[in-house]
Structures are given as C-alpha cells and as structure tokens.
Amino acid sequence: MSELISLEAAVQKYGIKEETIRLWVELEKFEGTRKRGDEIWVNGKILEEYLTWRKTCRVSIDYLEDLEMFCYNQTTMNDIYREVIKMQEIQINHQQGKITELEKLSEVIDTELERVHKIERTVISRLDESLASRTTHWMVQLWRRYFSSKQGG
C-alpha cells in the first residue's frame, strides 16, 4: 500500500492548488483519502493515477458542444411538455366543470321524471277507477234491461 501524504506535500509534489485537491477530496474524485480533524491526507499513488487519467482522458470541445446542445434540446422539450401539461390541466378542469353541470342537470331531470311518473300513476289509477265504475254501471243497466224484459214478457 502506498503511503499517505499530507495535503501540503501533495501540493508541493504535484504542483496543484490546495483548493483544487480539497475540492477533489470533497467530491470524492479518487479513493485513498483520509481526514484527521482538519488535516487531509491522500494516497500519493492513487492521486498520481487520477492526475494521469485527467490528462489523458480530457473531454473534447466537440463533445462538450454536443452535450450542451443535447441539454438545450432536453430543456426545450421539457418546456414544451410543461406547456402541454398546463393545457391538458385547463381542459380537464373545463371538462370537470361540464361534468358537474351535467350531473346537476341529471339530478333535475331525475326529479322531474319521478314527478311525471307519480302524475302518470295517479292519472292511470283515476282512469281505472272511472272505467271500472262506467263498466259496472253499463253492465248493471244491461242486466236490468235483460231481466226486466224477461219478467215482462
């Protein structure tokens, strides 16, 4: 295992600003770091490997431009989706208002329909009573005529 070196020794040995190494340690850019109180100790070998990687694996300008364009496009799409969602929410709220109105209208129609059915039942009942009394009266009259003609004849 490589030995740990102090932050000050790493700054002198590798020529990197102390703030930069502190930031890398805070962001956990490489392993092999220790904190003892306010002191930071780094593994020299792992820090060298990280520095080599940073030099050899630099990101190209083209890649950064592509990445920037991708992020811009994603942001634009997110804005469009947000607007679409707002429009859909407006439509949903409008439709919910219409549904509420239709439900109220349906309740009124149901109430009126029940009232009409009640009137219909009353009319039919009275009509049945009227027809029954007329039919009975007619039959009684016919019966009387029939028997009076037999008795008289």
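Please refer to the structure placed before this passage.
Residues numbered from 1 in each chain as written. Predicted model: local features only at pLDDT ≥ 70, side-chain atom pairs only at ≥ 80, totals over all residues. Heavy atoms only, no water.

Caption draft 1: Just the overall build of the protein, in detail. Of the regular secondary structure elements, the protein holds four helices and three strands. The order of helices and strands in the protein, counted from the N terminus, is β-α-α-β-β-α-α. For the protein, the C-alpha radius of gyration of 49 Å lies well beyond 15 Å, the compact-globule estimate for 153 residues. Per-residue burial over the protein gives 11% buried out of 153 residues. Contacts in the protein between residues far apart in sequence, at least 24 positions, make up 46% of those at least 6 positions apart. Summed over all atoms, the accessible surface of the protein reaches about 13500 Å², with 56% contributed by carbon and sulfur. In the protein, the 23 positive side-chain charges and the 27 negative ones have mean positions that sit 13 Å from each other. (Helix = DSSP H or I, 4+ residues; strand = E, 2+ residues; numbered from the N terminus. Rg over C-alpha atoms; globule rule 2.2 N^0.38 Å. Buried < 20%, exposed > 50% of the residue type's maximum accessible area, 1.4 Å probe, protein only. Contact = heavy atoms within 4.5 Å. Areas by Shrake-Rupley, 256 points an atom, 1.4 Å probe, with all protein chains shown as cover. Lys, Arg positive; Asp, Glu negative; His and termini not counted. Charge placed at Lys NZ, Arg CZ, Asp CG, Glu CD.)

Caption draft 2: Just the pairing of strand β2 (residues 33-36), in detail. Across four bridges, β2 lies against strand β3 (residues 39-43) in antiparallel orientation. Bridging from a neighbouring strand, threonine 33 pairs with valine 42 of β3. In sequence, β2 turns back onto β3 through a hairpin of two residues, with glycine 37 there showing a positive phi of about 70°. (Pairing = 2+ DSSP bridges.)

Caption draft 3: A look at the environment of alanine 10. Summarising the element assignment, alanine 10 is placed in helix α1 (residues 7-14). It is 96 Å that separates the C-alpha atoms of alanine 10 and valine 116, two residues lying 106 residues apart in sequence. Apart from residues no more than four positions distant in its own chain, alanine 10 is found in contact with Ile5, Gly15, Ile21, Val42 and Leu47.

Caption draft 4: Up close: α1. Buried residues of α1: Leu7, Ala10 and Tyr14, and no others. An end-on view of α1 places all buried positions within 55° of arc, on one side of the element. The outward face of α1, more than 90 degrees from its buried face, is lined by the exposed residues Gln12 and Lys13. Each element contacted by the buried residues of α1 is listed here: β1 (4-6), α2 (18-26), β3 and α3 (44-56). Immediately beyond the C-terminal end of α1, within one or two residues, lies glycine 15, with a positive phi of roughly 70°. (Arc of directions from axis to C-beta.)

Caption draft 5: Up close: the packing of aromatic side chains. Scanning all chains against the criterion turns up three aromatic pairs. Between tryptophan 24 and tyrosine 50, the ring centres sit 5.0 Å apart and the planes meet at 75°, which makes this aromatic pair edge-to-face. Taken together, the positions of tryptophan 24 in helix α2 and tyrosine 50 in helix α3 put the pair 26 residues apart, joining distant regions of the chain. Per residue, the accessibility class of tryptophan 24 equals that of tyrosine 50, and both read buried. (Phe/Tyr/Trp six-rings, centres within 6.5 Å; stacked < 30°, edge-to-face > 60°.)

Caption draft 6: Broad picture of the packing of α1 against α2. In the contact formed by α1 and α2, the axes pass within 9 Å of each other and the chain directions differ by 120°. Comparing the axis directions of α1 and α2 gives the class oblique. Seen along the crossing, α1 lies across α2 with a hand that is right-handed. Mapping the contact onto sequence places Leu7, Ala10 and Val11 in α1 and Glu18, Ile21 and Arg22 in α2. (Axes fitted to C-alpha atoms, helices over the stretch in contact; angles between N-to-C directions. Parallel < 35°, antiparallel > 145°, perpendicular 65-115°, else oblique. Left-handed = near helix turned anticlockwise from the far one by under 90°.)

Caption draft 7: Region of interest: unusual backbone geometry. Here glutamate 28, not a glycine, exhibits a phi torsion of approximately 55°, which is positive. Note on placement: glutamate 28 falls in the loop between α2 and β2. For glutamate 28, a relative accessible area of 68% translates into the label exposed.

Caption draft 8: Focus on the nonpolar core. Of all hydrophobic cores here, the largest spans 14 residues; its most connected members are Ala10, Tyr14, Ile21, Trp24, Phe30, Val42 and Leu47. Elements with a contribution of two residues or more to this core: α1, α2, β3 and α3. Apart from residues lying up to four places away in sequence, isoleucine 21 is in contact with Leu7, Ala10, Val11, Ile16 and Val42. (Core = buried A, V, L, I, M, F, W, Y, C linked by side-chain atoms within 4.5 Å.)

The quantities given are spatial measurements derived from coordinates; they are silent on function.
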